[in-house]
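Coordinate inspection notes
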Amino acid sequence: MEADVERAHQVVELLKRRLAAENLIADFELLPREFFCEVYVDFPSGDGLLLDVTHRSDTVRILDPGDEHLTPAELADYIVMRARGSSPEEALAVLVARSRTARPRWWRRLLRWPGARQE
């Protein structure tokens, strides 16, 4: 549990630095649970979201309103977009569009695998 809280503090500090760089603010509240740490994020507009952070995963689970897993860098971009007033759907659409251009689909990576059959 302590490792989860420590990881949550690291994620929150990353998010605070990113928001400060963009001249934006948000409030963060950490609530330790048995197998993860919940982080409530409240924006000045009254909007907010919930994060589940654990030391067992490189990604952070975001519940806003769906269930997504984002890397800390993606999460920072997402939080900035949400703090600027984007809806959850708009912010996720931007991240999905970026990830599709940034890395190939999983099955394309498999085709380039050294043991893959070449046609």
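These notes cover the structure that comes with them.

Rules used throughout
Chains are numbered independently. Their residues run from 1 in the order of the written sequence. Local features in this predicted model are restricted to residues of pLDDT 70 or higher, and side-chain atom pairs are both shown and tallied only at a pLDDT of 80 or more, whereas totals for entire chains, interfaces and linings draw on every residue. Heavy atoms from the whole structure form the basis of all side-chain values; hydrogens and water molecules are not counted. Put simply, DSSP marks the helices as runs of H or I at least four residues long and the strands as runs of E at least two long, and each gets a number from the N terminus on. In this scheme, a helix's expected span is set at 1.5 Å multiplied by one less than its residue total. Using a 1.4 Å probe on the protein chains alone, a residue whose accessible area is under 20% of its type maximum counts as buried, one over 50% counts as exposed, and one in between counts as partly exposed. Only buried residues count toward a nonpolar core. Its members are Ala, Val, Leu, Ile, Met, Phe, Trp, Tyr and Cys residues joined through side-chain atoms within 4.5 Å. Residue contacts are defined here by distance: any two heavy atoms, one from each residue, within 4.5 Å place the two residues in contact. At least two bridges found by DSSP between two strands is the condition for calling them paired. To define axes, lines are fitted to C-alpha atoms, for helices over the stretch in contact only, and angles between the resulting N-to-C directions are given on a 0 to 180 degree scale.

Taking 1.5 Å of rise per residue, twelve residues should cover 16 Å, and helix α2 (residues 72-83) covers 16 Å from first to last C-alpha, within 8% of that figure. Most of α2 sits out of view: nine of its twelve residues are buried. Of the positions making up α2, those classed as buried are Glu74, Leu75, Ala76, Asp77, Tyr78, Ile79, Val80, Met81 and Arg82. Just past α2, the residue Gly85 takes up positive phi, approximately 110°.

Further remarks concern the nonpolar core. Of all hydrophobic cores here, the largest spans 27 residues; its most connected members are Val41, Leu51, Leu75, Tyr78 and Ile79. Among the elements of the structure, α1 (2-21), β2 (37-42), β3 (48-53), β4 (60-63), α2 and α3 (88-102) are those that each provide at least two residues to this core. The element best represented in this core is α2, accounting for six residues. In contact with Ile79, other than residues within four places in its own chain, are Leu15, Leu19, Val41, Phe43 and Leu49.

Among the secondary structure elements, Arg7 is positioned in helix α1. The contact partners of Arg7, leaving out residues within four places of it in the chain, are Val53, Thr54, His55, Ser57, Asp58, Thr59, Val60 and Pro72.

So, about the sheet that holds strand β5 (residues 67-70). Spatially, the five strands line up as an open sheet ordered β1-β2-β3-β4-β5, and their pairing is antiparallel. The open sheet has two edge strands with one neighbour each: β1 (27-32) and β5. On average, each strand axis in the sheet is inclined to that of its neighbour by 25°, with strand direction left out of account. Here three bridges tie β3 to β4, and the two strands are oriented antiparallel to one another. In the sheet register, Asp52 faces β4, and the bridge partner there is Arg61. Contacting β1, β2, β3 and β4, α1 runs over the sheet at an angle of about 175° to β1. Running over the sheet, α2 touches β2, β3, β4 and β5 and is turned about 170° from β3.

What follows concerns unusual backbone geometry. One non-glycine residue, Asn23, lies in positive phi territory at about 60°. The exposure class assigned to Asn23 is exposed, which follows from its relative accessible area of 73%.

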